[in-house]
Amino acid sequence: MTTLRHVVRTQEFFDRYGARAIVLGRFVPIVRTFITVMAGVSWMDARRDFTYSLVGGVLWAAGVTLLGLWLGRFAFVRDDIELMLILIVFVSLLPIVVEIVRSRRSSGGAPAAR
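Here's a quick rundown of the structure. All figures in this text were calculated on a predicted structure; none of them were measured in a lab.

Of the voids in this model, the second largest pocket is the one considered here, and its volume is about 520 Å³. The wall of the second largest pocket is formed by 21 residues, among which Val64, Leu67, Leu71, Leu85 and Ile88 lie closest to the centre. When residues of the lining of the second largest pocket are traced back to their parent elements, those giving at least two are helix H3 (46–71), helix H4 (75–79) and helix H5 (81–106). With eight residues, H5 is the single largest residue contributor to the lining of the second largest pocket. Grouping the amino acids of the lining of the second largest pocket by side-chain chemistry returns 15 nonpolar, four polar and two charged.

Below is the structure:
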């Protein structure tokens with residue numbers, strides 16, 4: 001697949017799911033690092049990109065803070081915070097793993113031709 005074709009697919013993705021992808025991407029490790037870069041590659045409107053990135057960032061920061069405040073009330077969370085953090089990372093990465101498995105099943109498990 002040529003680079004131009006990748007860019008076109010990225011543009012189509014952001015035309016269809018751009019706002020949702022940017023906001024929800026803030027909640028997924030690794031994705032949050034690249035989602036705004038990919039929005040730029042797809043020539044997403046800068047104002048729209050900034051707005052949804054700001055909304056996603058505020059929701060993520062406020063949500064994680066409030067979740068920590070609420071979960072801190074439970075002794076088993078306070079006592080086993082390391083285990084809870086590992087569990088959070090695992091749950092966060094689970095959708096990526098599921099999508100990779102689906103993609104490989106639909107393509108027959110064969111690597112993409114260059």
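From this point on, the discussion continues.
All right, on to a nonpolar patch on the surface then. A cluster of nonpolar residues, Leu87, Phe90, Val91, Leu94, Val97, Val98 and Val101, forms a patch on the protein surface that exposes about 580 Å² of accessible area. With respect to the helices and strands, the residue valine 97 is situated in helix H5. Under the relative-accessibility criterion, valine 97 is labelled partly exposed at 46%.

How two aromatic rings sit relative to each other is given by the distance of their centres and the angle of their planes. Under the definition given, this model contains two aromatic pairs. Taking the centre distance of 5.1 Å and the plane angle of 80° together, the rings of tryptophan 70 and phenylalanine 74 count as edge-to-face. Among the residues examined, phenylalanine 74 registers a relative accessible area of 31% and is labelled partly exposed. Ring geometry for phenylalanine 74 versus phenylalanine 76: centroids 6.0 Å apart, planes at 40°, classification tilted. For phenylalanine 76, a relative accessible area of 52% corresponds to the exposed category.

Analysis parameters
- Residues numbered from 1 in each chain as written.
- Predicted model: local features only at pLDDT ≥ 70, side-chain atom pairs only at ≥ 80, totals over all residues.
- Heavy atoms only, no water.
- 1 Å grid on protein atoms, 1.4 Å probe; cavity = no way out; pocket = protein on both sides within 12 Å on 5 of 7 lines; lining within 4 Å.
- Points joined across faces, edges and corners; volume = space filled by probe spheres on them.
- Helix = DSSP H or I, 4+ residues; strand = E, 2+ residues; numbered from the N terminus.
- Nonpolar A, V, L, I, M, F, W, Y, C, P; charged D, E, K, R; others polar.
- Patch = residues over 30% accessible without salt bridge, like charges linked within 9 Å, V, L, I, M, F, W, Y side chains within 5 Å.
- Areas by Shrake-Rupley, 256 points an atom, 1.4 Å probe, with all protein chains shown as cover.
- Salt bridge = Lys/Arg side-chain N within 4 Å of Asp/Glu carboxyl O.
- Buried < 20%, exposed > 50% of the residue type's maximum accessible area, 1.4 Å probe, protein only.
- Phe/Tyr/Trp six-rings, centres within 6.5 Å; stacked < 30°, edge-to-face > 60°.

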